[in-house]
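Each chain, letter by letter, is given below.
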Amino acid sequence: MSDRSAVLPQYLFPKQALTSFAGWVAGRERGAVTTWIVRRFVAMYGVDMSEALDADITHYKSFNAFFTRALKPGARPLAQADLVCPVDGAISQFGMIEGEQIFQAKGHSYTTTALVGGDTALAAQFAHGSFATLYLSPRDYHRIHMPCDGRLLRMVHVPGELFSVNPTTARGVPGLFARNERVVCVFESAHGPFVLTLVGATIVGSMQTVWHGVVNGPRVKQVREWRYDNQQIVLRQGEEMGRFLLGSTVVLLFPKPPLHFNPAWAPARAVRLGEAMASYGPAWGADAPRS
């Protein structure tokens with residue numbers, strides 16, 4: 001079966017209703033029922049609870065509390081790199097932005113303008129820059145951290161579809177990451193602006209940031225924006241910036257000149273929070289940090 005055929009049922013599913021129901025279930029505190037659900041999930045997806053700050057699944061009062069669990073201190077040391085990986089997950093794609101075209105999968109691309117919600121001035125800052133698209137599977141740690149030091153400038157909530165964001169759907173749905181609901185966070189760093197976008201998906205109950213809380217509840221149809229130019233919201237490399245309540249994808253944008261990505265990186269490769277992602281300087285040699 002082709003990828004296009006495999007995703008056709010998603011066009012018919014009541015994705016909004018399913019997502020709302022999943023969010024309601026995940027947020028409920030149901031004692032033994034919650035523990036049973038969490039235990040089944042851990043077994044089904046092979047979740048490594050030994051890394052969790054609280055490894056006892058009976059302590060989680062809701063599925064959301066389990067899903068957004070904290071890690072033990074030191075579980076994800078930061079590499080010495082200009083940019084570190086902000087999540088646990090897998091690489092969907094990464095590389096150079098061709099003009100304003102971001103590569104999604106064979107035969108599919110989308111524009112930076114579409115990703116950021118139609119703001120052409122913001123998108124223009126990343127023309128011929130670099131991008132990285134990172135997929136978080138259900139088994140992964142679902143907090144998002146900073147790839148480098150940054151001061152928050154803006155946050156934009158862009159309503160949209162709620163297709164799955166798994167690799168098959170990325171190959172089968174044109175412009176997937178610019179069609180789904182998303183939260184676009186714009187930061188200023190020592191090397192210029194960068195964008196960190198949280199992309200929603202089917203059954204992703206909500207997306208939240210450390211400075212705002214839940215951004216997309218209740219869901220609305222119009223684009224919303226918050227400005228932070230006059231505030232000093234500064235997050236350091238490796239600090240948590242947000243989280244998904246159920247899994248999804250992160251898309252990062254950086255301005256030109258193009259970044260030098262970790263030579264160990266490749267599409268579909270598993271990545272971990274804190275490993276070296278990219279450098280602003282000369283291309284890395286054989287002794288480059290890779291984790």
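You'll find the structure just up there.
None of these values were measured; they are calculated from a predicted model. (Residues numbered from 1 in each chain as written. Predicted model: local features only at pLDDT ≥ 70, side-chain atom pairs only at ≥ 80, totals over all residues. Heavy atoms only, no water.)

A.B. asks: Explain the overall build of the chain residue by residue, including any values.
C.D. replies: Secondary structure assignment for the chain yields eight helices and 18 strands. For the chain, the residues scored as buried account for 53% of the 291 residues in total. Taking the contacts inside the chain whose residues are at least 6 apart along the sequence as the reference set, 75% of them involve residues at least 24 apart. (Helix = DSSP H or I, 4+ residues; strand = E, 2+ residues; numbered from the N terminus. Buried < 20%, exposed > 50% of the residue type's maximum accessible area, 1.4 Å probe, protein only. Contact = heavy atoms within 4.5 Å.)

A.B. asks: How would you summarise the sheet that holds strand β11 (residues 213-214) if you had to cite specific residues and measurements?
C.D. replies: In space, the four strands of this open sheet follow the order β6-β14-β10-β11, with antiparallel pairing throughout. The open sheet has two edge strands, β6 (143-145) and β11, and neither has a second partner. The sheet contact formed by strand β10 (residues 206-209) and strand β14 (residues 240-245) spans four bridges and is antiparallel. Paired with Thr-209 across the strands is Gly-242, a residue of β14. (Pairing = 2+ DSSP bridges.)

A.B. asks: Run through the nonpolar core, naming residues and quoting values.
C.D. replies: The biggest cluster of nonpolar side chains holds 35 residues, and the ones touching the most others in it are Phe-187, Trp-211, Met-241 and Trp-265. Excluding anything up to four places from it in sequence, Trp-211 contacts Leu-152, Met-155, Cys-185, Phe-187, Tyr-228, Ile-233, Leu-235 and Met-241. (Core = buried A, V, L, I, M, F, W, Y, C linked by side-chain atoms within 4.5 Å.)

A.B. asks: I'd love a proper account of the environment of His-128, names of residues and values included.
C.D. replies: Examined against the element boundaries, His-128 turns out to sit in the loop between α6 (120-124) and β5 (130-135). On a C-alpha basis, the gap between His-128 and Glu-98 in space is 5.4 Å, while along the polypeptide they are 30 residues apart. When sequence neighbours within four positions are dropped, the list of residues in contact with His-128 reads Met-96, Ile-97, Gly-99, Lys-256 and Pro-258.

A.B. asks: Just give me the short version of the packing of aromatic side chains, but keep the residues and values in it.
C.D. replies: To describe a pair of aromatic rings, you give the distance between the ring centres and the angle between the ring planes. Tallied over the full model, the rule gives 15 aromatic pairs. Considering the side-chain rings of Phe-94 and Phe-261, the 5.0 Å spacing of their centres and the 65 degrees angle between planes classify their relative orientation as edge-to-face. One end of the pair, Phe-94, is in strand β2 (residues 89-96); the other, Phe-261, is in strand β16 (residues 260-261), with 167 residues separating them in the sequence. Look at Phe-94 and you get partly exposed, because its relative accessible area is 22%. Relative accessible area serves as the criterion here: at 14%, Phe-261 is assigned to the buried category. (Phe/Tyr/Trp six-rings, centres within 6.5 Å; stacked < 30°, edge-to-face > 60°.)

A.B. asks: Give me a nonpolar patch on the surface: which residues, what numbers.
C.D. replies: A grouping of Val-33, Trp-36 and Ile-37 is seen on the molecular surface, where their side chains present a nonpolar patch of about 280 Å² in accessible area. Within the element layout of this structure, Val-33 appears in helix α3 (residues 32-45). (Patch = residues over 30% accessible without salt bridge, like charges linked within 9 Å, V, L, I, M, F, W, Y side chains within 5 Å. Areas by Shrake-Rupley, 256 points an atom, 1.4 Å probe, with all protein chains shown as cover. Salt bridge = Lys/Arg side-chain N within 4 Å of Asp/Glu carboxyl O.)

A.B. asks: Just give me the short version of the sheet that holds strand β1 (residues 83-84), but keep the residues and values in it.
C.D. replies: The strand order across the open sheet formed by three strands is β1-β18-β16, and the pairing between neighbours is antiparallel. Looking at the sheet topology across the chains shown, the edges are occupied by β1 and β16. In this structure, β1 lies alongside strand β18 (residues 276-279), joined through two bridges in antiparallel fashion. Directly across from Val-84, in β18, lies its bridge partner Ala-276.

A.B. asks: Can you break down the pairing of strand β7 (residues 150-158) residue by residue, with the values?
C.D. replies: Counted residue by residue, β7 has eight buried out of nine residues, so it is predominantly covered. Of the pairings in the sheet, the one linking β7 to strand β13 (residues 234-235) comprises two bridges and is antiparallel in character. Bridge pairing in β13 links Arg-151 to Val-234. Across seven bridges, the pairing between β7 and strand β8 (residues 182-189) is antiparallel.

A.B. asks: I'd love a proper account of the pattern of salt bridges, names of residues and values included.
C.D. replies: According to the stated counting rule, one finds eleven salt bridges in the structure shown. Across the pair Glu-51 and Arg-272 runs a salt bridge, and its minimum N-O distance is 3.4 Å. Here Arg-272 lies in the loop between β17 (270-271) and β18 and Glu-51 lies in the loop between α3 and α4 (63-67), a separation of 221 residues in the sequence. Overall, Arg-272 belongs to the partly exposed group, its relative accessible area being 40%. Between Arg-76 and Asp-88 there is a salt bridge, with the nearest N and O atoms lying 2.6 Å from each other. One end of the pair, Arg-76, is in the loop between α4 and β1; the other, Asp-88, is in the loop between β1 and β2, with twelve residues separating them in the sequence. You'll find Arg-76 and Asp-88 in the same group, each marked buried. Taken together, the salt bridges that share partners define one network made up of Asp-119, Arg-154, Glu-225, Arg-227 and Asp-229.

These figures capture arrangement, not role.
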